[in-house]
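# Summary of structural features
Below are the chains, spelled out letter by letter.
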Amino acid sequence: MRVFSASLATETNTFSPLRTDITDFKQSFYAGPGDHPETPTLCSAVIPALRARSKKEALTLIEGTATWAEPGGLLSQSTWEHLRDEILDQVRAALPLDAVVLGLHGAMIADACVDCEGTLLSAVRQIVGSDCKIGVTFDPHSHLSDLRVESADVITAFKEFPHTDFMEVGEACVDLTLRAARGEFSPNIQVFDVQMIDILPTNRQPMRGFVDRMKALETNGEVLFVSAIHGFMAGDSPDLGAKIVVVTDDQPEKGAKLARELGLELFEFRGRATPELLSPQDALRRAAVAKAGPVVIADVWDNPGGGVAGDSTIMLQAAFDIGLKKGALGTIWDPMAVRLCFAAGEGAEFDLRFGGKTSAYAGQPIDARVKVLRLVRNAVQSFGASVVPLGDSAAIRVGDMDIVLNSNRSQAFSPDLFANLGINIAEKHVLIVKSTNHFHEAFAPVASDILYAAVDGHYPSDPRKTAYTRLTRNLWPIVENPYSMELV
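Okay, so let's go over this structure. Starting afresh in each chain, residues are numbered from 1 along the sequence in its written order. This being a predicted model, a pLDDT of at least 70 is required before a residue's local features are given, and a value of 80 or more before pairs of side-chain atoms are given or counted; all residues contribute to the totals for chains, interfaces and linings. Here the side-chain values reflect all heavy atoms present in the structure, with hydrogen atoms and water set aside.

## As for the pattern of salt bridges
Spelled out, the test is: Salt bridge, as used here, is a side-chain nitrogen of Lys or Arg placed within 4 Å of a carboxyl oxygen of Asp or Glu. Secondary structure counts use DSSP, requiring at least four H or I residues in a row for a helix and at least two E residues in a row for a strand, with both numbered from the N terminus. Partly exposed residues are those whose accessible area sits between 20% and 50% of the maximum for their type, while under 20% is buried and over 50% is exposed, using a 1.4 Å probe and protein chains only.
Throughout the structure, instances matching the rule amount to 33 salt bridges. Measuring nitrogen to oxygen at the nearest pair gives 3.5 Å for the salt bridge that ties Asp282 to Arg285. A residue pair is termed a helical-turn pair when its members lie 3 or 4 positions apart in one helix, as Asp282 and Arg285 do in helix H9 (residues 280–288) at three residues. Given the relative accessible area of 41%, Asp282 is considered partly exposed.

Written as structure tokens, this is what we have:
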């Protein structure tokens, strides 16, 4: 059996002031054919999964490009076309093929292509023909189009948010696609449009129970795979919103019925799944008086994982304003400030301006006397089995606050974000992290409490106020009951 695999992924915030091009892919992660590391990345887990299978089974694995750019603004058309054609040329060179397994994100939007993943899958289908089986993994924060469903035989998406199951889901996609290619079953994909967009963390109820139910359906043999697409509210896509995907062995009626049942259940969670969002001041005051630490405060909207810059100083300035003691913040994206810190050297004390550079919504730059605590070239943090690059990074101290400055944008995933820069979180009373929920799995075991703070910015956090231009379907909360009226 001949199998081709590749990965092309980013998450596009069409409302972000940032732009994304080939440099972002090269800085974040780029591996040419055969160069993928043994450790997976969020969207390329299918490649190490296939490598493991190829050692045990009679299959020939042809690896293509695997690349990921940190979520950002619109992707340049030239970069999209270059990476698309690179992978399509690799598919052509690999023919004939029995199976193709792709690791995609699902929320990529380029200047002149709204459905990049659908376009890529459709082009792959045209090249490999109808007999070749195509499997694909998606992030649940994606836009599921009809074109993607029509072009693929198997679709799997991460069930967990935070996405702690990305390797497990990659392995499931590989297994199902290989089995389908061997003729062990005839895959059928059914989709139900939930017609809502919301934040749906799965480490808390009601989503925790919902995910457990989906897993039980697979374990009990009711379905081959079931996924909940949450949608990505920062992307101006006609396919915006939550959807349920059910894969069965040639049981379309059963799959459609189950997808609808699960979708309507998910719709009942609207507005109830998101954790309490506090103002920066309220979150900081509550954390400051906590009896034990460290208290973790998530700056949920200045989250590079949502395509914004991650250089907002609003939370930091609020911490200064109340005189917060024993605090640490990670991270503020500021390559120029990092460079100046490296020029000054570890132990140096000097006047530095940092943060607040990319937009009027990011707060004012901080001008302060800083001490350089630690400098690390090519710093990293962990996310499960994945290694996430931070680029050259600096830990600085301002008063009683330790701050990590990084040169590669990244949200906070793990406490080693601080530890790798020499900051001992056991000595801190408050940790401020820039992430919506991916931080939770790794920080929960060390946190005395976790609070969520909302600061308005370039992440469009209220769909009722967002100027979507491509949406033609009724979605909650834009429409209170999307099933009862036509869009006017």
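There's plenty left to go through after this.
## Details of the pairing of strand S18 (residues 449–453)
For a regular strand, side chains alternate in direction, first toward one face of the sheet and then toward the other. Put simply, the rule reads: Strands were regarded as paired on the criterion that DSSP finds at least two bridges between them.
Of all five residues making up S18, four are buried, and the element is well covered by its neighbours. Two elements, strand S10 (residues 277–278) and S18, share two bridges in a ladder whose sense is parallel. Opposite Leu277, over in S18, you have Tyr452 as the bridge partner. Of the strand pairs in this sheet, strand S11 (residues 295–299) and S18 are connected by five bridges, and their pairing is parallel. Looking at the pairing, Asp299 lines up with Ala453 of S18.

## Some points on helix H11 (residues 335–344)
The criterion, for reference: Throughout, the arc means that of the directions going from the helix axis to the C-beta atoms. The contact rule is simple, with two residues in contact once any of their heavy atoms fall within 4.5 Å.
Among the residues of H11, Ala337, Val338, Cys341 and Phe342 are the ones counted as buried. Angularly, the buried residues of H11 cover 140° about the axis, an arc narrow enough to put them on a single face. The exposed residues of H11 that point more than 90 degrees off its buried face are Arg339 and Ala343. Packed against the buried residues of H11 are strand S13 (349–354), strand S14 (366–383), strand S15 (386–398) and strand S16 (401–406). Gly345, located one to two residues past H11, shows a positive phi value of around 95°.

## What about the sheet that holds strand S7 (residues 187–193)?
One key point about sheets: their strands pair by backbone hydrogen bonds, in either a parallel or an antiparallel sense. Operational definition: Angles run from 0 to 180 degrees between N-to-C directions of axes, and those axes are lines fitted to C-alpha atoms, restricted for helices to the stretch in contact.
One open sheet holds the three strands; their spatial order is S7-S9-S8, and the pairing between them is antiparallel. With partners counted over all chains shown, the strands left at the sheet margins are S7 and strand S8 (225–229), one partner each. Each strand axis lies, on average, 15° off the axis of its neighbour in the sheet, ignoring direction. Sheet analysis places S7 next to strand S9 (residues 243–249), joined by seven bridges and oriented antiparallel. Looking at S9, one finds that Ile189 is bridged to Val247. Strand contacts of helix H7 (residues 207–219): S8 and S9, with the helix running at about 155° to S8, the strand carrying the most contacts.

## What to know about the packing of helix H2 (residues 46–54) against helix H6 (residues 166–181)
Rules: We call two directions roughly parallel when the angle between them is under 35 degrees, roughly antiparallel when it is over 145, roughly perpendicular when it lies between 65 and 115, and oblique otherwise. Note on convention: near helix rotated counterclockwise from far helix by under a right angle means a left-handed crossing. Clockwise means right-handed.
In the contact formed by H2 and H6, the axes pass within 8 Å of each other and the chain directions differ by 55°. Classified by the interaxial angle, the pair formed by H2 and H6 is oblique. H6 is crossed by H2, and the crossing has right-handed handedness. Residues Val46, Pro48, Ala49, Leu50 and Arg53 of H2 lie in contact with H6, whose contacting residues are Met167, Gly170, Glu171, Val174, Asp175 and Leu178.

## A few points about the packing of aromatic side chains
Our working rule: Only rings of Phe, Tyr and Trp enter the pairing, Trp through its six-membered ring, and a pair is recorded when the two centres are within 6.5 Å. The plane angle decides the type: under 30 degrees is stacked, over 60 is edge-to-face, the rest tilted. We call a charge positioned over a ring when the NZ of a Lys or the CZ of an Arg lies within 6 Å of the ring centre and within 35 degrees of the ring normal.
One pass over the structure, following the stated rule, counts ten aromatic pairs. Geometrically, the ring pair formed by Phe210 and Phe269 is edge-to-face, given 5.7 Å between the ring centres and 90° between the ring planes. Residue Phe210 is located in helix H7, and its partner Phe269 is located in the loop between helix H8 (252–267) and S10; the two are separated by 59 residues in the primary sequence. The same class applies to Phe210 and to Phe269, which are both buried. By way of ring pairs, the aromatic residues Phe418, Phe439, Phe443 and Tyr452 are connected into one cluster. For the cation-ring pair, Lys159 lies above Phe225, with the distance from its terminal atom to the ring centre recorded as 3.5 Å.

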